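What follows is the residue order along each chain.
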Amino acid sequence: MNGLREECGVFGLWSPHRFEVARTVYYGLFSLQHRGQESCGIVVNDDGVFSEYKDLGIVNDVFTNERLDALGEGSIAVGHTRYGTTGQTDRNNAQPIVVNHIKGGMALAHNGNIVNSFELRQALELQGSIFQTTSDTEVIAYLITKERLTSESIQEAINSAMNKIRGAYSLVIMSPAKLIAVRDPHGIRPLCYGVTEDGTYVVASESCALDAVSAKFVRDVDPGEILVFSRDGIESIRDHCGSTDRNICIFEYIYFARPDSVIDGVSVHSARVNAGKALAQDWPVDADVVIGVPDSGLDAALGYAYQSGIPYAMGFIKNKYIGRTFIAPGQKQRERMVDIKLNVIKDEVKGKRVVLIDDSVVRGTTSKNIVQKLRDAGAKEVHLRLTAPEFIDACYYGTDIPDSKNLLAANHSLEEMKEIIGCDSLGFLKKERLREMIGEKEARGYCSACFGDGYPAGRPQTNGKYRFERKLSDKDE
Ligand code: SF4
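Residues numbered from 1 in each chain as written. Predicted model: local features only at pLDDT ≥ 70, side-chain atom pairs only at ≥ 80, totals over all residues. Heavy atoms only, no water.

Q: Would you explain the overall build of the chain in this entry?
A: A tally of helices and strands in the chain yields 17 helices and 23 strands. Taking all 477 residues of the chain together, 58% fall into the buried category. In the chain, 70% of the contacts between residues at least 6 apart in sequence involve partners at least 24 apart. If you sum the accessible surface of the chain, you get close to 19700 Å²; carbon and sulfur atoms cover 47% of it. (Helix = DSSP H or I, 4+ residues; strand = E, 2+ residues; numbered from the N terminus. Buried < 20%, exposed > 50% of the residue type's maximum accessible area, 1.4 Å probe, protein only. Contact = heavy atoms within 4.5 Å. Areas by Shrake-Rupley, 256 points an atom, 1.4 Å probe, with all protein chains shown as cover.)

Have a look at this one:
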C-alpha cells in the first residue's frame, strides 16, 4: 500500500487444439491484473492471421463476451496487462504490440524496462524506422523484426537482438507458427511455464496464472533462456544463460507478486512470512495486536505474530473494486486516496497498542495517512514495521520507484521519518535479512538496487518515463 504501481503481466499459450484460446488468455490475464491496471490486450493467431483487441482499463472492463468471440479461434495467443514505466497511459501504448513484416507477423508482450532503449530507438529512427508508440517495447519489437529480415528463424532473430538490449525483459512473443518465451540474462522479472492436461503450453509472469487455467507448473524460464513452443515440440536456446548472475527483483517477493505465486522456486507467501519473522526479531515491541496493510502486509503480519506471540488481527478492509469507471480524485483528494481504498475495522484496534506491518515507504504520505486512520479509530500506539529496507535509489527495471530526491528514506534519518509519519516506533527490514527471506538452500542472486546495492544491468544514460514523448521544440516543424 505504498502508492507504487506494479509493472506488467505477460501471458501466452500454444495449443495443439483450436479451442477457446482467447478465453484462456482472458482468465490468465485476470490472475495477472495486480501487475498492471492501465491497459490490457489479447492477440489470437489463426494459422498466421492475427486478431487483436487492446484498450485502456482492467481486464474485466475491456473484454466482454462479444469481444472475446470476435477474436475468434486459433492455436496460439498472447496477452498483456500494463502499467507503463516508459510512455504515457495511451491506448497506442497498450500491448501486445503487433508488427507485420515481409516474413510474416509477430506479436510481443513485455514486462520490464530497457535501459538503453533511447539509444536503440535513435539508431533505428536514423535508419528509417517509424515508431507508433512511446513505449520501450516497440524498440524491442523493431529490433527483433530488423534481425528477422536476415535470420533463418524468429528465435535466431531474438537471440541476435538480445546482444543489443540491456535491462529487464520477460517477453512472450508469437510468430505465425511459434510461441516464444524470453527472459533477460539477469532474470530480473519472473517468467514460468506449465502445461495443461490437453497438452496446451502456457507461459506466464507468475505461477498463479498457470493455476487459474489448470496448467501444471513445469519450471521457471531461466535467465537468458529462449524457449520455443511449436509443432516440433519445445526448443531451449541458452546462448545467453549463465553469462551473468541471477538478479531476480527482490521487490517481487516483498510487494509485486501474488502471495500464491512461486518465483524461482521460492513461495512469495513464505518469503513475506519470513520477512515478518525477521522484523519481530530485529524490531520487537510490547503490543496487543499485529495487523497487516492489505494485500502485501498480511502475510508478513502473520510472520510477525508467529514469531512474537502477539495476536494477529484483521485490521483493514480493502476496496478492490476500483475499475475503469472510477472517477480519479483531483490533486487535493489524491493524498487521501487511502480513505477510498482502505477502511479500519475499529473494534480490532480501539484502545490497543498496534504493530502495523506494511511493505515499504516511498514518499511517506501513504504511511502517514494509514497511521492517522488507526489513531482516528482509537489505537493507543502504532508501531510501523516495513518488509522492505529503506528505498534510497530509483528503479530502472520496470517499477516506478522515483529518484532519491523523492524518497523519504534517502533524505531523512529513522528518527525524522518516525516524526514525519507520526508513528510511535519505526523499523525497516535489514538488508542482510533479504537473502534469508528468500531462503539460502541455493545461491540465489537478486536485485536490490533501489536499496542502494548497485544496478546489475546498468542504468540509463537518458531517463524519464516520458523520454519518447517529444515536444514541438524537439522536432522539425
Ligand atoms: Fe526490483 Fe528494486 Fe531492483 Fe527495481 S531496483 S528491479 S524494484 S529490486
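Q: Looking at this model, I keep getting lost on the sheet that holds strand β12 (residues 226–230). Mind explaining?
A: Think of a sheet as strands paired side by side through backbone hydrogen bonds, with each pair either parallel or antiparallel. Taken in spatial order, the 6 strands line up as β5-β6-β7-β8-β12-β13 in an open sheet, and their pairing is antiparallel. Sheet topology places β5 (97–101) and β13 (233–237) at the edges, where each strand pairs with a single neighbour. The mean angle between the axes of side-by-side strands here comes to 20 degrees, regardless of whether they run parallel or antiparallel. Both strand β7 (residues 167–174) and strand β8 (residues 179–183) contribute to a ladder of 5 bridges, which runs antiparallel. Residue pairing for β8: Ile173 is matched across the bridge by Ile180. Packing of helix α5 (residues 136–148) onto the sheet brings it into contact with β5, β6 (104–114) and β7, and relative to β6 it is tilted by some 135 degrees. (Pairing = 2+ DSSP bridges. Axes fitted to C-alpha atoms, helices over the stretch in contact; angles between N-to-C directions.)

Q: Please clarify how the site of the ligand should be interpreted in this entry.
A: Residues in close proximity to the ligand total 13 residues, the closest being Arg189, Cys249, Cys395, Cys447 and Cys450. Each residue belonging to the shell around the ligand can be placed in one class, and the counts come to 10 nonpolar, 2 polar and 1 charged. (Near = heavy atom within 4 Å. Nonpolar A, V, L, I, M, F, W, Y, C, P; charged D, E, K, R; others polar.)

Q: Explanation requested: the packing of α5 against helix α6 (residues 154–162) in the structure shown.
A: Relative placement of two packed helices is described by the angle separating their axes and the distance separating the axes. Between α5 and α6, the least distance of the axes is 8 Å, while the angle of their chain directions is 120 degrees. Comparing the axis directions of α5 and α6 gives the class oblique. For the crossing formed where α5 meets α6, the hand is right-handed. Note on element contacts: α6 touches α5 through Ile154, Ala157, Ile158, Ser160 and Ala161, opposite Leu143, Ile144, Glu147 and Arg148. (Parallel < 35°, antiparallel > 145°, perpendicular 65-115°, else oblique. Left-handed = near helix turned anticlockwise from the far one by under 90°.)

Q: Honestly, helix α1 (residues 21–31) in this entry has me stumped. Any pointers?
A: The periodicity of an α-helix, 3.6 residues per turn, causes residues three or four places apart in sequence to face the same way. Across the 11 residues that make up α1, a large majority, 8, are buried. Along α1, the residues classified as buried are Val21, Ala22, Arg23, Val25, Tyr26, Gly28, Leu29 and Ser31. Each element contacted by the buried residues of α1 is listed here: β1 (8–14), β2 (39–46), α2 (59–62), α3 (65–70), β4 (76–82) and α7 (207–212).

Q: How should I be thinking about the packing of helix α4 (residues 117–126) against α5 in this particular structure?
A: Axis separation between α4 and α5 bottoms out at 10 Å; the angle between their running directions is 50 degrees. Judged by the inter-axis angle, α4 sits oblique to α5. The element α4 and its partner α5 pack so that their crossing is left-handed. The segment α4 lies against α5, with Ser117, Leu120, Arg121 and Leu124 engaging Asp136, Val139, Tyr142, Leu143 and Lys146. In terms of residue class, the contact of α4 with α5 is built from 5 nonpolar, 1 polar and 3 charged.

Q: How should the packing of aromatic side chains be read in this particular structure?
A: To describe a pair of aromatic rings, you give the distance between the ring centres and the angle between the ring planes. Applying the stated criterion across every chain, the model contains 14 aromatic pairs. Where Tyr53 meets Phe63, the ring centres are 5.9 Å apart and the plane angle is 70 degrees; that geometry is what we call edge-to-face. In this pair, Tyr53 sits in strand β3 (residues 49–56) while Phe63 sits in the loop between α2 and α3, placing the two residues 10 residues apart along the sequence. Overall, the relative accessible area of 3% leaves Phe63 in the buried class. Geometrically, the ring pair formed by Phe391 and Phe451 is stacked, given 5.3 Å between the ring centres and 10 degrees between the ring planes. (Phe/Tyr/Trp six-rings, centres within 6.5 Å; stacked < 30°, edge-to-face > 60°.)

Q: Whenever I open this one, the pattern of salt bridges confuses me. Can you help?
A: Side chains carrying opposite charge are able to pair once their charged atoms draw close together. For the structure shown, the criterion picks out 26 salt bridges. For Glu252, the salt bridge identified is with Arg189, shortest N-O distance 2.9 Å. Placement of the pair is Glu252 in helix α8 (residues 250–256) and Arg189 in the loop between β8 and β9 (192–195), with a sequence separation of 63 residues. With respect to burial, Glu252 and Arg189 carry one shared label: buried. (Salt bridge = Lys/Arg side-chain N within 4 Å of Asp/Glu carboxyl O.)

The values are spatial; any link to function lies outside them.
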